[in-house]
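Now for the letters of each chain:
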Amino acid sequence: MSAPLVAESASLAQTLPAALVIGIAFGFALERAGLGSARKLVGQFYGRDFAVLKVMFSALVVAMLGVFWLGRFGWLDVDALYVPQTFVVPQALGGLMFGAGLVTAGLCPGTACVSAATGRIDGVFVLLGLLGGMVGVGLLLVHFRAFYESTARGAWTLPEWLGLAQGTVVAAVVVLALVAFAVSEWFERRAP
Amino acid sequence: MSTDRAARAARAYSDPYLAGAALGVVLLAAFVWIGRGLGASGAFASTAAGAVAAIAPAQAAASPLFAHYLTAPGPWFEWLSVELLGVMVGAWCSAALAGRVRLTVERATDLTPVSRLALAFGGGVLMAAGAVFARGCTSGQALTGGALLSVGSWLFLGVTFATAFALAPLLRRAWT
């Protein structure tokens, strides 16, 4: 067996079934976790409910370990996976704006879809804000092109940056996740 | 009456570790099936690109953001848009099965519905700006790029959560 089964660059007609099936499963899992609820989601930032951190790190660790071991056994061509490009300074600024927006809206783009689909009007307004924001920023971006494209590092990974073996970084992320889970549980027990 | 019954029948959410592990399997399935992970903000960027291109084609082509989505097959044939439609269908199915679909404005008791909707819209605008510069959001960068150990994804993940924690005290009234 050699995966990916369909190339990342394949036409939409070829990847359409995957988009729908994966999307449905993605939405189902997010709703089951309760992440379509803005009040539950922001509970993390007030130390009440760390569902976001638990869901995200569990998912990240499972997928990371899956990619690592499937790659090790030669069942998955890891080089064929699309790794998001790194732009150091723009992404740091992006995180600042995104974090401010996240705690204001109480939902991220994916969970806003879940919120809207399950009848929440506030979720619909987050979607409208996202769309309006994309139009506005897209039109203004021509004036910030140099900054937008600055500090480009291409597909750059933690093992490359740190000069460590991939397995070492994978193990470190697992330990980090376990520590984060333990700290979350401790905070939740202390919350009123 | 029917909403009252629905509210009473609504089941509790799943265990976060279990739901998270399931989400991880979905993400891994995406890698194995089509060599890419999950995403969300790109669907909004491509839809915005399509709308602007229909009204002001020259300005759309000049934008470093929109130009990317205007190449073949065009902004209306975006993988992420189809995936997000799936997300909405899947979320509705999950909520319907658990008796959790309810028309409402979710808000703190002290906050008026209009204020909540204004904050939701404003937060959406801010996240759009952030996702443009970050080249993705919590799905495409933090989760997908994080699992692939991308440096930029981990940077985005760290800055996003640190900022949200730092600003949370200022917004306490909106959430409690």
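Up top you'll find the structure we're talking about.
Residues numbered from 1 in each chain as written. Chains lettered and ligands numbered in written order. Predicted model: local features only at pLDDT ≥ 70, side-chain atom pairs only at ≥ 80, totals over all residues.

(A) Seen up close, the overall build of chain A. Along the backbone of chain A there are nine helices and two strands. Along the three orthogonal principal directions, the C-alpha set of chain A runs to about 45 × 45 × 35 Å. Taken over 192 residues, chain A has a buried fraction of 49%. Here the contacts in chain A between residues at least 6 apart in sequence split such that 62% fall between residues at least 24 apart. (Helix = DSSP H or I, 4+ residues; strand = E, 2+ residues; numbered from the N terminus. Buried ≥ 20, exposed ≤ 12 C-beta atoms within 10 Å, placed from the backbone. Contact = placed C-beta atoms within 7 Å.)

(B) Seen up close, the interface of chain B and chain A. Counting residues at the interface gives 113 residues for chain B and 107 residues for chain A. Secondary structure elements with two or more residues in the side of chain B that touches chain A: α2 (16–34), α3 (41–55), α4 (57–62), α5 (64–70), α6 (79–97), α7 (113–134), α8 (138–147) and α9 (151–167) of chain B. Looking at the side of chain B that touches chain A, its residues break down into 77 nonpolar, 28 polar and eight charged. (Nonpolar A, V, L, I, M, F, W, Y, C, P; charged D, E, K, R; others polar.)

(C) Structural detail: unusual backbone geometry. The step from Ala72 of chain B to Pro73 of chain B runs through a cis peptide bond, and the omega angle for that step is 5°. As for its placement among the helices and strands, Pro73 of chain B is situated in the loop between α5 and α6. Its identity is not glycine, yet Thr151 of chain A carries a phi of approximately 45°, on the positive side. Residue classification places Thr151 of chain A among the partly exposed positions, given that 13 C-beta atoms sit within 10 Å. Unlike most non-glycine residues, Leu149 of chain B shows phi in positive territory, near 60°.

(D) Summary view of the packing of helix α6 (residues 121–140) of chain A against α3 of chain B. At a minimum axis separation of 9 Å, α6 of chain A and α3 of chain B run at an interaxial angle of 65°. In terms of crossing hand, the pair formed by α6 of chain A and α3 of chain B is right-handed. On α3 of chain B, the residues touching Leu130, Leu131, Met134, Val135, Gly138 and Leu139 of chain A of α6 of chain A are Phe44, Ala45, Thr47, Ala48, Ala49, Ala51 and Val52 of chain B. Class assignment for the residues of the contact of α6 of chain A with α3 of chain B results in eleven nonpolar, two polar and no charged. (Axes fitted to C-alpha atoms, helices over the stretch in contact; angles between N-to-C directions. Left-handed = near helix turned anticlockwise from the far one by under 90°.)

(E) Focus on helix α1 (residues 12–33) of chain A. Over its 22 residues, α1 of chain A runs 30 Å from end to end, which matches the ideal 32 Å to within 8%, given 1.5 Å per residue. With its phi angle positive at about 90°, Gly34 of chain A sits one or two positions after the end of α1 of chain A. (Expected span 1.5 Å × (residues − 1).)

(F) Layout of the packing of helix α5 (residues 109–117) of chain A against α6 of chain A. Residues and elements named next belong to chain A. Where α5 contacts α6, the axes come no closer than 7 Å and their chain directions differ by 140°. Here α5 is positioned oblique relative to α6, judged by the angle of their axes. Our pair here, α5 against α6, has a crossing hand that is left-handed. On the side of α5, the interface is formed by Pro109, Ala112, Cys113, Ser115 and Ala116, while α6 contributes Asp122, Gly123, Val124, Val126, Leu127 and Leu130. Split into classes, the residues belonging to the contact of α5 with α6 amount to eight nonpolar, two polar and one charged. (Parallel < 35°, antiparallel > 145°, perpendicular 65-115°, else oblique.)

(G) How the structure looks around the nonpolar core. Ala29, Ala63 and Cys113 of chain A together with Leu27, Met127 and Ala128 of chain B are the most contacted members of the largest nonpolar core, which totals 117 residues. Ranked by residues supplied to this core, first place goes to helix α3 (residues 51–72) of chain A with 13 residues. If near-sequence neighbours (up to four positions away) are discounted, Ala29 of chain A is found in contact with Ala19, Ala22, Leu23 and Val26 of chain B. (Core = buried A, V, L, I, M, F, W, Y, C linked by C-beta atoms within 7 Å.)

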